[in-house]
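Commentary on secondary and tertiary structure
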Amino acid sequence: MSAQQGRIPAETLQPIELVDRLLALTTGLTSVIRRETDLLRDRAQAEVAALQPEKIRLANDYAMDVMAVRGHRNLLDRAPSERVSRLKSAMGELDRALALNGEALTAAKSVSEGLIRMVANAMSERSAPALGYGPNAAAAARRPGSSAGSGSLTLDSRA
């Protein structure tokens, strides 16, 4: 039995239980997003990948509960206002964490694209023939260090 099959629908929970579940999901998702952001900044791709199953599970559960609340606004009407306020505050924290995460993802994407462009340019320069004519109107020789075959590339992920 999967975790989703055993999940209690939001509409069947008591208001206080729903608020508490949403609060737990929101704070859990915020924590994972913050860890992911830190790992992105540290360029720890393997650790970022390891977070994805938990992040996906929390995000899916969060989305299902939020959609249920949007569809049945009265689900939270009878919940204690203090708990609803904590939930709203936690949702604000999640929004801020997602904004920072988006910035880190954009920066990582930019760095990756720059590396790919740099490698592609280096490889094309290395394999491109020299242009023009040499002495006696003969075609210029290949650039020193270039070869007709493919080149090799080594990247060191240590910063």
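The next subject is the confidence of the model for the protein. Averaged over every residue, the pLDDT of the protein is 85; the share at 70 or more is 76%. Confidence scores differ between elements of the protein, with helix 3 (residues 81-127) showing the lowest mean pLDDT of 91 and helix 1 (residues 15-41) the highest of 97.

With that settled, the discussion passes to the nonpolar core. Among the nonpolar cores identified, the biggest contains 23 residues, and L18, V19, L22, L29 and Y62 are the most heavily contacted of them. Of all the elements in the fold, those that place two or more residues in this core are helix 1, helix 2 (45-71) and helix 3. Counting residues per element, this core draws most heavily on helix 1, which supplies eight residues. Once residues within four sequence positions are removed from consideration, V19 is found in contact with L76, A79, R83, V84 and L87. Of all hydrophobic cores here, the second largest spans six residues; its members include L39, A44, L51 and A104.

Attention now goes to a nonpolar patch on the surface. Side chains of V111, L115 and M118 sit close together on the surface and give an oily, nonpolar patch of about 270 Å² of accessible area. Mapped onto the elements, V111 comes out in helix 3.

A word on the side chain of T30. Structurally, the position occupied by T30 is in helix 1. Here the side chain of T30 touches T26 through a polar contact of 2.7 Å, landing on its backbone oxygen. Setting aside residues up to four positions removed in sequence, T30 forms contacts with A90, E93, L94 and A97.

Let's shift gears to helix 2. If you check helix 2, its first and last C-alpha atoms are 38 Å apart, about what 27 residues at 1.5 Å a residue would give, namely 39 Å. At Q52, helix 2 shows its largest bend, some 35°, and a proline, P53, comes one to four positions later. The set of residues buried in helix 2 consists of V48, L51, K55, L58, D61, Y62, D65, V66, A68 and V69.

Basis of the calculations
- Residues numbered from 1 in each chain as written.
- Predicted model: local features only at pLDDT ≥ 70, side-chain atom pairs only at ≥ 80, totals over all residues.
- Heavy atoms only, no water.
- pLDDT = per-residue confidence, 0-100.
- Helix = DSSP H or I, 4+ residues; strand = E, 2+ residues; numbered from the N terminus.
- Core = buried A, V, L, I, M, F, W, Y, C linked by side-chain atoms within 4.5 Å.
- Buried < 20%, exposed > 50% of the residue type's maximum accessible area, 1.4 Å probe, protein only.
- Contact = heavy atoms within 4.5 Å.
- Patch = residues over 30% accessible without salt bridge, like charges linked within 9 Å, V, L, I, M, F, W, Y side chains within 5 Å.
- Areas by Shrake-Rupley, 256 points an atom, 1.4 Å probe, with all protein chains shown as cover.
- Salt bridge = Lys/Arg side-chain N within 4 Å of Asp/Glu carboxyl O.
- Polar contact = N/O pair within 3.5 Å; in protein donor to acceptor, adjacent residues only side chain to side chain.
- Expected span 1.5 Å × (residues − 1).
- Bend = angle between axes of the 7 residues up to and from the residue.

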